[in-house]
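Read off the chains here:
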Amino acid sequence: MKILVITGTGTEIGKTIVTAAVAAASRDLRVAVLKPAQTGLAPGEPGDAAEVARLAGAHVTAVELARFPEPLAPGTAARRAGLPPVRPHEIAEAAQKLATEHDLVLVEGAGGLLVRYDGQGSTLADAARLMAAPVLVVAPAGLGTLNSTALTTEALRTRGLACRGVVVGSMPAEPDLASRCNIDDLPVAAGAPLLGAVPAGAGALAPADFRARAASWLSPELGGKRPAG
Ligand SMILES: Nc1ncnc2c1ncn2[C@@H]1O[C@H](COP(=O)(O)OP(=O)(O)OP(=O)(O)O)[C@@H](O)[C@H]1O
Ligand SMILES: [Mg+2]
């Protein structure tokens with residue numbers, strides 16, 4: 001697994017924090033993080049890829065292909081900015097080039113899987129298809145996640161994409177009943193293994209603490225040492 005595409009059941013789910021955890025747990029590897037389209041930020045502001053590098057460490061190469069200032073789907077934001085959209089083949093080519101110089105390339109989408117990147121309706125799924133890359137789904141912990149996770153993994157299967165697994169983006173310190181039950185039910189809903197759970201508040205840890213703890217949140221499949229189940 002050299003290229004891993006990271007999507008989520010929606011926006012603000014914790015994709016960036018999970019991407020940072022995977023990168024931090026792979027500190028012995030040369031890791032690149034690619035954010036194909038960064039929306040909602042002005043030039044110069046740190047984007048998701050920079051946040052991954054800040055949390056995970058200096059072994060991470062952070063790359064953005066395009067930035068659109070309005071906090072909208074990339075296709076809409078590009079159109080409104082009068083800028084060329086990011087196309088799936090550009091994402092695939094950039095990731096494959098990074099893969100020649102790195103051991104692991106993490107591609108973080110914008111929002112959820114079927115958010116459009118251009119006026120033709122292209123999505124992150126099209127880029128994943130071009131790269132034949134597996135997809136990791138970041139999901140919320142609580143009520144509603146079983147449905148949105150199942151919808152996302154069904155969409156992956158429909159498109160012939162491999163779901164590598166599911167990671168909970170933000171697990172409350174004191175999980176409610178739904179969050180506790182979802183640990184068992186998420187893999188069933190997803191048809192794919194639960195490969196980790198990042199604790200709520202992890203993004204606010206000092207980078208040294210984040211790096212020290214990241215492996216404990218993730219299964220060995222993602223470079224971690226979290227026991228299965
Ligand atoms: N485990 C966590 N610990 C602390 N903060 C978190 C955690 N997960 C998410 N957050 C916070 O929630 C917000 C959304 O998280 P994040 O940026 O990772 O979402 P995302 O899924 O990457 O969203 P986008 O679609 O915008 O890329 C951020 O402000 C982030 O700091
Ligand atoms: Mg993000």
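Scroll up a little and you will see the structure.
One structure accompanies this document, and this report is about it. This structure is a prediction, so every number in the text was calculated from the model and none was measured.

## Quick word on the coordination of the magnesium ion (ligand 2)
Coordination of the magnesium ion (ligand 2) by the protein comes from Thr 16 (OG1), Asp 48 (OD) and Glu 108 (OE), over a distance range of 2.0 to 2.2 Å. Within one chain, the residues donating to the magnesium ion (ligand 2) are spaced in sequence as T-x31-D-x59-E. A residue pair is termed long-range when its members are at least 10 positions apart, and Thr 16 in helix 1 (residues 15–25) and Asp 48 in helix 2 (residues 48–56) qualify at 32 residues. Classification of Thr 16 as buried rests on a relative accessible area of 12%. Note on Asp 48: relative accessible area 21%, which makes it partly exposed.

## Concerning the pairing of strand 5 (residues 135–139)
Within strand 5, five of the five residues are buried, which leaves it mostly tucked inside the rest of the structure. Here strand 5 shows a buried face lined by Val 135, Val 137 and Ala 139 and a second buried face lined by Leu 136 and Val 138. Pairing between strand 1 (residues 3–8) and strand 5: four bridges, direction parallel. Residue pairing across strands places Thr 7 opposite Val 137, the latter belonging to strand 5. When strand 5 meets strand 6 (residues 163–171), the two strands line up parallel, connected through five bridges. Counterpart to Val 135 in the pairing with strand 6 is Cys 163. The parallel pair strand 5 and strand 6, bridged by helix 6 (residues 145–158), forms a crossover whose chirality is right-handed.

## Some points on the layout of surface pockets
Considered as a void within the structure, the largest pocket measures approximately 380 Å³ in volume. If you trace the largest pocket, you find 22 residues lining it, with Thr 11, Glu 12, Lys 15, Lys 35 and Asp 48 closest to the centre. If you list the elements that add at least two residues to the lining of the largest pocket, you get helix 1, strand 2 (31–39) and helix 2. Here the lining of the largest pocket takes four residues from strand 2, the largest share from any one element. Here the lining of the largest pocket is composed, by residue class, of nine nonpolar, seven polar and six charged.

What counts as what
Residues numbered from 1 in each chain as written. Chains lettered and ligands numbered in written order. Predicted model: local features only at pLDDT ≥ 70, side-chain atom pairs only at ≥ 80, totals over all residues. Heavy atoms only, no water. Donors = N, O, S within 2.8 Å, 3.2 Å for Na, K, Ca; no water. Helix = DSSP H or I, 4+ residues; strand = E, 2+ residues; numbered from the N terminus. Buried < 20%, exposed > 50% of the residue type's maximum accessible area, 1.4 Å probe, protein only. Pairing = 2+ DSSP bridges. Right-handed = clockwise from strand over helix to strand, strands pointing away. 1 Å grid on protein atoms, 1.4 Å probe; cavity = no way out; pocket = protein on both sides within 12 Å on 5 of 7 lines; lining within 4 Å. Points joined across faces, edges and corners; volume = space filled by probe spheres on them. Nonpolar A, V, L, I, M, F, W, Y, C, P; charged D, E, K, R; others polar.

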